[in-house]
Amino acid sequence: MEELKTRILQEADVISDNVLKLDGILNHQVDPQLIMNIGKEFAFRFQNEKVTKVMTIESSGISVAFATALELGVPLLFARKKRTLTTDPDSFWERVPSFTHGMVTDIVVAKKFLGPGDRILFIDDIVANGDAARALIRIIGQSQATLVGVGFVVEKAFQNGARAIRETGLRVESLVRVLSLEGGRIVFG
Ligand code: 5GP
């Protein structure tokens, strides 16, 4: 997606050899028009998959997953990151080590929103080692819903997450693949 590459080159900061900061367009401030275009692109790529629900993990995946769900005309269901007093006790949950926080969190999805009849498209912002994605994939597995595919806005291809998920046979679509951030330079694939 050329528009996204251009915006990343213009506005992203390379924090280290493996972290890309996208706070100006996706992870803090959000550009609604760009996000809608991202949603249209994902919806186009998965248009034939009879998706019944788009899923993501709060919070950075929500904007792009919302745009995709709106375009496909289906609900968005996001996994919550911690159990609170209002969490439905009848929930699926999985443990996930966080790439950005360096700690472990639980992700939780109420069972009443996810079941065997669902065809799920999982959309997320950035994939690094794939721990967050694998945790949500395990929840989808627990529910016996069908996972029709996974869409990442940015795949950091020098880390193993997207590759490992593809190797399980799942369809993975990344709008932008970053091959390297070495020396502060963004190299796309
Ligand atoms: P993973 O579980 O794949 O290692 O990390 C996934 C999550 O960590 C993403 O949803 C994203 O929010 C965050 N993350 C991983 N790498 C980066 C990065 O380079 N930049 C930013 N902004 N977030 C990242």
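Each remark here, short or long, concerns the structure printed above.
Since we're looking at a predicted model, the values are computed, not measured.

Calculation rules
- Residues numbered from 1 in each chain as written.
- Predicted model: local features only at pLDDT ≥ 70, side-chain atom pairs only at ≥ 80, totals over all residues.
- Heavy atoms only, no water.
- Buried < 20%, exposed > 50% of the residue type's maximum accessible area, 1.4 Å probe, protein only.
- Helix = DSSP H or I, 4+ residues; strand = E, 2+ residues; numbered from the N terminus.
- Pairing = 2+ DSSP bridges.
- 1 Å grid on protein atoms, 1.4 Å probe; cavity = no way out; pocket = protein on both sides within 12 Å on 5 of 7 lines; lining within 4 Å.
- Points joined across faces, edges and corners; volume = space filled by probe spheres on them.
- Nonpolar A, V, L, I, M, F, W, Y, C, P; charged D, E, K, R; others polar.
- Contact = heavy atoms within 4.5 Å.
- Axes fitted to C-alpha atoms, helices over the stretch in contact; angles between N-to-C directions.
- Lys, Arg positive; Asp, Glu negative; His and termini not counted.
- Salt bridge = Lys/Arg side-chain N within 4 Å of Asp/Glu carboxyl O.
- Near = heavy atom within 4 Å.
- Polar contact = N/O pair within 3.5 Å; in protein donor to acceptor, adjacent residues only side chain to side chain.
- Areas by Shrake-Rupley, 256 points an atom, 1.4 Å probe, with all protein chains shown as cover.
- Expected span 1.5 Å × (residues − 1).

Q: Pulling in residues and values, what's your account of the pairing of strand β6 (residues 104-110)?
A: Among the seven residues of β6, six are classified as buried, and the element is accordingly described as predominantly covered. Bridging between strand β5 (residues 91-97) and β6 involves seven bridges; their strand directions are antiparallel. In the sheet register, serine 91 faces β6, and the bridge partner there is alanine 110.

Q: Help me get a handle on the layout of surface pockets, residues and values and all.
A: By volume, the second largest pocket amounts to about 280 Å³. Lining the second largest pocket are 16 residues, with Arg80, Thr87, Asp88, Val108 and Ala110 sitting closest to its centre. Looking at the lining of the second largest pocket, the elements with two or more residues in it are β4 (76-79) and β6. A total of three residues in the lining of the second largest pocket trace back to one element, the largest contributor, which is β6. Looking at side-chain class alone, the lining of the second largest pocket contains six nonpolar, four polar and six charged residues.

Q: Residues and numbers for empty space enclosed by the protein, please.
A: Evaluated as defined, the whole model comprises one cavity of 30 Å³ or more. Roughly 40 Å³ of volume is contained in the largest cavity. Along the walls of the largest cavity sit Leu4, Leu22, Ile25, Leu26, Leu34, Ile35, Ile38, Val153 and Val154, which together make up its complete lining. When residues of the lining of the largest cavity are assigned to their parent elements, the largest contribution, three residues, is made by helix α3 (residues 32-45).

Q: Break down the sheet that holds strand β8 (residues 146-156) for me, with residues and values.
A: Ordered in space as β4-β3-β7-β8-β9-β10, the six strands form an open sheet in which the pairing is mixed. A single partner strand is all that each edge strand has here, and the edge strands are β4 and β10 (187-188). Here strand β3 (residues 53-57) pairs with β4 via four bridges, running parallel. Note that in β4 the partner of threonine 56 across the bridge is phenylalanine 78. Sheet contacts for helix α1 (residues 2-11): β8, β9 (172-180) and β10; angle to β9, the most-contacted strand, approximately 35 degrees. Sheet strands touched by helix α5 (residues 131-143): β3, β4, β7 (119-127) and β8. Its angle to β3, the strand with the most contacts, is close to 135 degrees.

Q: A description of the side chain of lysine 53 should follow, citing residues and the corresponding values.
A: In this structure, lysine 53 sits in strand β3. Of the buried charged residues, lysine 53 lacks a salt bridge, with aspartate 118 as the closest side chain of opposite charge at 4.1 Å. If near-sequence neighbours (up to four positions away) are discounted, lysine 53 is found in contact with Val74, Pro75, Leu77, Phe113, Asp118, Arg119, Ile120 and Leu121.

Q: Account for the site of the ligand, naming residues and giving values.
A: Every one of the 16 residues lining the ligand counts as a neighbour, but Leu20, Asp125, Ala128, Gly130 and Lys156 are closest to it. Here an oxygen atom of the ligand and a backbone polar atom of glycine 130 are 2.7 Å apart. Contacts to the ligand include lysine 156, whose side-chain N or O atom sits 2.7 Å from an oxygen atom. When the ligand is considered free in solution it has 510 Å² of accessible area, and contact with the protein chains removes 89% of it.

Q: Go over helix α4 (residues 62-72), please, and point to the residues and values.
A: For α4, the full list of buried residues reads Ser63, Val64, Ala65, Ala67, Thr68 and Ala69. The elements touched by buried residues of α4 are α2 (23-27), α3, β3, β4, β7 and β8. Directly beyond the C-terminal end of α4, a positive phi value near 75 degrees is found at glycine 73.

Q: I'd love a proper account of α3, names of residues and values included.
A: The periodicity of an α-helix, 3.6 residues per turn, causes residues three or four positions apart to be oriented the same way. End to end, α3 covers 20 Å across 14 residues, agreeing with the expected 20 Å (1.5 Å per residue, within 8%). Listed as buried for α3 are Leu34, Ile35, Ile38, Gly39, Phe42 and Ala43. Looking at the buried residues of α3, the elements they touch are α1, α2, α4, β7, β8 and β9. Between a side-chain oxygen at the N-terminus of α3 and the backbone nitrogen of glutamine 33 the separation is 3.0 Å; the capping residue is aspartate 31.

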